[in-house]
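# An overview of the molecular structure
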Amino acid sequence: MTFPDEPEAVGRDLPRRDGAVKVLGTATYAYETPLTDAAYLHAVQATIARGRVTAVDTAAAEGLDGVLAVLTPGTAERLASTEDRELAVLQDEEVAFRGQVVALVVADSSEVARHAAALVRVEYAQQAHDAELRADREDLYAPGTVNPDLPTDTAEGDVDAAMAAAEVSVEQTYTTAMYHNNPMEPHATAALWDPVGDGFLTLWDSTQGVHPTRAALASVFGLDEERVRVVCPYVGGGFGSKGQPHVNVVLAAMAARAVPGRPVRLALTRQQMFSLAGYRTPTIQRCRLGADRDGRITAIAVDAVGLTSRIKEFAEQSGVPARMMYSSPNRRTTHRLAALDVPVPSWMRAPGECPGMFGPEVAMDELAERLGTDPVELRIRNEPEVEPGSGKPFSSRNLVGCLQEGAVRFGWSERDPRPGVRRRGDWLVGTGVASSTYPVSRMPKSTATIRREGERYVTEIGAADLGTGTWTTLAQIAADALGVPVALMDVRIGDTDYPMASVAGGSSGMTTWGSAVVEAAGAFRARYGSEPPDGAEASGSVGPTDDRYAMHAFGAQFAEAHVHLDTGEVRVPRLLGVFAAGRIINPRTARSQFIGGMTMGLSMALHESSVLDPRTGHVVNHDLADYHVAANADVGEIEAYWLAEHDPHVNAVGSKGIGEIGIVGTAAAVSNAVWHACGVRVRDLPITLDKVLHALEDGPGR
């Protein structure tokens, strides 16, 4: 069966296939899975930051009508593996952080479960705790690697000597706050054990990877992976927080085992997510740049400090972008951690690159100011010919094109470089720029199966759609690879009954899954030709990565900031980003991803900050009333563009990840624009009015 007149699907602006069911409210999320006679779970959390549980009184909770079970460290089942201490829930009496689960209640309704959990009385032997991050701590240590498995420190040349000899230099410390992922759909799980034989566990979970979640659960409960099924057709946002299994999946499975034959539902409350679902570590970045009078960078150094939990290490790779962004003969990056009595940090959109580009990109703006050089020109002037450090050629690198295209679209040439000279009424107006980058990641394992079913074709792969468009873009890739109209291509994802797929993380989803689909389509056509019979089927897996090249996506972010003369209020009415991210599979979903990332970057710049009280180890603004995120009123005009980029080296489709690069660089562009508006350098996020107000009394515009 041939279709000679069918246009290519890849590159077409097709509507999202999951759009209608989501708008109509018929898409089934984990907590909404139709289940008969479901019970409900609510967790009891520690109210101390460190110590031991000495007694748990469950009598009042167990006396409530509708309570089915109360589990404590003394009554909970022993798990087969406690190697991952984040998942080793209720296995001992130790309390490692405030908010840790110390008991759980299962009841006939969510209301009864929550009421009963409040009646559980827990006594503690409290110990002194430490939850304060400082760069001058004597106990900072170097982790073995940084996320995902990169060298902790790197060094080339002699940074100290180059800095001493530099004609112009910048040496400043920049900080980013603690941030919490807050997807609209909380971490939610439903679990059911089949009571027949040794039991079979089915988990409906809001996850970025059904297969990794299955592997983790199988390990924790000592099961063969074939005895665990994880289902997740839709996800209401994840941003990295659902990329690794957290304690909610173990809690749900443990609770379901305690009430045989009944499924159990769990949805973390918004407050619980601040303790149990990961977060981005705050960072302290000492950045040093040296240059000659012509603006050629002679030294780059970033020393990054972050925190981790004592029970499980996560090392954010904040210094990594500085290793390859600009040319310099002398460069150094280091990472140090403070192990504290805090919850376990984890992935948040664009880990490493997002916080790690804030300090260096503001420092670049400061260097441009001291040189009297245009910030766009300074970045172009220090463009490397090959990847610094590795010496590999870039598979494609179009940062210069992004900067130049963005400057034209933004109207950068009209900019007066002097700070504090433009006004619109009572508002000072400024513009800023920053570069962005994100590595091209392709996971080593994923498999797809393609089958003909009647007049239609089906692609099956256990991938996840976080709301990014996977339902649609995989169909476009499969249709072109198979040579059939995209209207005849169906996609089945989000279930471990489908072939193994990697996690939707690191902007690796489409590059990985799409590669597997192309391989499956090739095998299908090789086996069956152009007239496949009904039921014809073939599978394909990801091939090896071409490691001869350095592979990255790039972008340029431009921001306009307004600062009120009297109040110091900061507004950002305009953001513009231009990206070089390989072949764009679907312009509609791509634009959504870029704009979403830039909005998160704006939120990071102006609002977001998890306030950890070191006296209690507690994030005090642990809800959306006090943890501020960008709302519609904060987002004015946001424009996202991209360059046509052909890169045959990254994968068979030519795609690069786009989910995360939009957030990278945005906060730095905003900070640089605020400086240009009012002359105040804000090096500590978020940019709140108190950080600029003091300088406005006798400053610019008066």
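Whatever comes next refers back to the structure up there.
Basis of the calculations
- Residues numbered from 1 in each chain as written.
- Predicted model: local features only at pLDDT ≥ 70, side-chain atom pairs only at ≥ 80, totals over all residues.
- Heavy atoms only, no water.
- Helix = DSSP H or I, 4+ residues; strand = E, 2+ residues; numbered from the N terminus.
- Rg over C-alpha atoms; globule rule 2.2 N^0.38 Å.
- Buried < 20%, exposed > 50% of the residue type's maximum accessible area, 1.4 Å probe, protein only.
- Contact = heavy atoms within 4.5 Å.
- Areas by Shrake-Rupley, 256 points an atom, 1.4 Å probe, with all protein chains shown as cover.
- Core = buried A, V, L, I, M, F, W, Y, C linked by side-chain atoms within 4.5 Å.
- Pairing = 2+ DSSP bridges.
- Axes fitted to C-alpha atoms, helices over the stretch in contact; angles between N-to-C directions.
- 1 Å grid on protein atoms, 1.4 Å probe; cavity = no way out; pocket = protein on both sides within 12 Å on 5 of 7 lines; lining within 4 Å.
- Points joined across faces, edges and corners; volume = space filled by probe spheres on them.
- Nonpolar A, V, L, I, M, F, W, Y, C, P; charged D, E, K, R; others polar.
- Salt bridge = Lys/Arg side-chain N within 4 Å of Asp/Glu carboxyl O.
- Phe/Tyr/Trp six-rings, centres within 6.5 Å; stacked < 30°, edge-to-face > 60°.
- Lys NZ or Arg CZ within 6 Å of the ring centre and 35° of its normal.
- Left-handed = near helix turned anticlockwise from the far one by under 90°.

Let us look at the overall build of the protein chain. Broken down by element type, the protein chain carries 16 helices and 28 strands. Taken over the C-alpha trace, the protein chain has a radius of gyration of 26 Å; the compact-globule value for 702 residues is 27 Å, and the two agree within 12%. Taking the principal axes of its C-alpha atoms as reference, the protein chain extends roughly 75 × 70 × 50 Å. In the protein chain, which comprises 702 residues, the proportion classed as buried is 60%. For the protein chain, contacts bridging at least 24 residues in sequence account for 81% of all contacts bridging at least 6. In the form shown here, the protein chain has an accessible surface area of approximately 25800 Å², with 49% of it arising from carbon and sulfur atoms.

Moving on to the nonpolar core. If you look at the biggest cluster of nonpolar residues, it comprises 101 residues, and the most contacted ones within it are Leu367, Phe558, Val670 and Val674. Counting 85 residues, the second-largest nonpolar core is a separate cluster that includes Met254, Leu276, Ala463 and Val542.

Turning our eyes to something else, we now look at the sheet that holds strand 10 (residues 168-176). Where strands meet in a sheet, backbone hydrogen bonds hold them as pairs that are either parallel or antiparallel. The mixed open sheet is built from five strands, whose spatial order is 9-17-16-15-10. Each of the sheet's edge strands pairs with one partner strand only, and the pair in question is strand 9 (154-156) and strand 10. Neighbouring strand axes in the sheet, compared pairwise and without regard to direction, differ in orientation by 15° on average. By the bridge criterion, 10 bridges tie strand 16 (residues 297-309) to strand 17 (residues 331-340) in an arrangement that is parallel.

Further remarks concern the pairing of strand 11 (residues 188-194). With five of seven residues buried, strand 11 is to be regarded as a mostly interior element. Relative to strand 14 (residues 264-267), strand 11 runs antiparallel, the two being bridged by four bridges. Across the sheet, Ala188 pairs through a bridge with Ala267, a residue of strand 14. Taken together, the six bridges between strand 11 and strand 12 (residues 200-205) define a ladder with antiparallel strand orientation. Bridging across to strand 12, Asp194 finds its partner in Phe200.

Applying the stated criterion to the full structure yields five cavities of 30 Å³ or more. Its boundaries defined by the atoms lining it, the largest cavity holds a volume of some 70 Å³. If you go around the largest cavity, the residues you meet are Leu289, Ile300, Pro321, Ala322, Met325, Tyr326, Gly356, Met357, Pro360 and Met364. Looking at the lining of the largest cavity, its residues break down into nine nonpolar, one polar and no charged.

On to unusual backbone geometry, then. Each neighbour pair has its own omega, and for Asn147 with Pro148 the value is -5°, a cis peptide bond. Tracing the chain through its elements places Pro148 in the loop between strand 7 (145-146) and strand 8 (150-151). The amide bond that connects Leu685 to the next residue, Pro686, takes the cis arrangement and shows omega of 0°. By secondary structure assignment, the location of Pro686 is in the loop between helix 15 (666-678) and helix 16 (690-693). For Phe239, which is not glycine, the phi torsion reads 60° and is therefore positive. Relative to the assigned elements, Phe239 resides in the loop between strand 13 (228-231) and helix 6 (247-258). Of note, the phi angle at Ala350 is positive, near 60°, even though the residue is not glycine. Checked against the element boundaries, Ala350 lands in the loop between strand 17 and helix 8 (353-356).

With that settled, consider the pattern of salt bridges. Charged atoms that come close allow side chains of opposite charge to pair. Considering all chains together, one arrives at 51 salt bridges under this definition. Notably, a salt bridge pairs Arg615 with Asp613, separated by 2.8 Å at the nearest N-O pair. Accessibility expressed as a relative area gives 68% for Arg615, which makes it exposed. On the basis of relative accessible area, Asp613 is assigned to the buried category, the value being 15%. Among the ionic pairs, Lys656 bridges to Glu645, the shortest N-O distance being 3.1 Å. Here Lys656 is found in the loop between strand 28 (637-642) and helix 15, whereas its partner Glu645 is found in the loop between strand 28 and helix 15, with 11 residues between them in sequence. It is possible to trace a salt-bridge network through shared partners that takes in Asp160, Glu171, Arg286, Arg288, Asp303 and Arg332.

Let's shift gears to the sheet that holds strand 2 (residues 51-57). One open sheet accounts for three strands, arranged 4-2-6; its pairing is antiparallel. The open sheet has two edge strands with one neighbour each: strand 4 (94-95) and strand 6 (121-126). Examined bridge by bridge, strand 2 and strand 6 share six bridges and lie antiparallel to one another. Bridged to Arg52 within strand 6 is Ala125.

Here the focus is the packing of aromatic side chains. According to the stated counting rule, one finds 14 aromatic pairs in the structure shown. Here the aromatic rings of Tyr174 and Phe358 are separated by 6.3 Å at their centres, their planes lie at 90°, and the arrangement is edge-to-face. Taken together, the residues span a long stretch of sequence, with Tyr174 in strand 10 and Phe358 in helix 9 (residues 358-371) at a distance of 184 residues. Taken as a pair, Tyr174 and Phe358 share a single burial class, namely buried. Between the aromatic rings of Phe579 and Phe594, the centroid separation amounts to 4.3 Å while the plane-to-plane angle is 5°, which identifies the pairing as stacked. In this pair, Phe579 sits in strand 25 (residues 570-580) while Phe594 sits in helix 14 (residues 587-606), placing the two residues 15 residues apart along the sequence. The rings of Tyr29, Tyr234 and Trp471 are connected pair by pair, giving a single aromatic cluster. Across the ring face of Trp193, the terminal group of Arg257 is positioned such that the distance to the ring centre comes to 3.9 Å.

Counting through the fold element by element, Thr58 comes out in the loop between strand 2 and helix 2 (59-62). Each residue touching Thr58, except ones within four places of it in the same chain, is listed here: Val70, Thr72 and Val120.

This part is about the packing of helix 12 (residues 470-482) against helix 13 (residues 509-528). Put simply, helix 12 and helix 13 touch, their axes get as near as 9 Å, and they point 30° apart. By crossing handedness, the relation of helix 12 to helix 13 is classed as right-handed. Residues Thr470, Thr473, Leu474, Ile477, Ala478, Ala481 and Leu482 of helix 12 form the contact with helix 13, whose participating residues are Met510, Trp513, Gly514, Val517, Val518, Ala521, Phe524 and Arg525.

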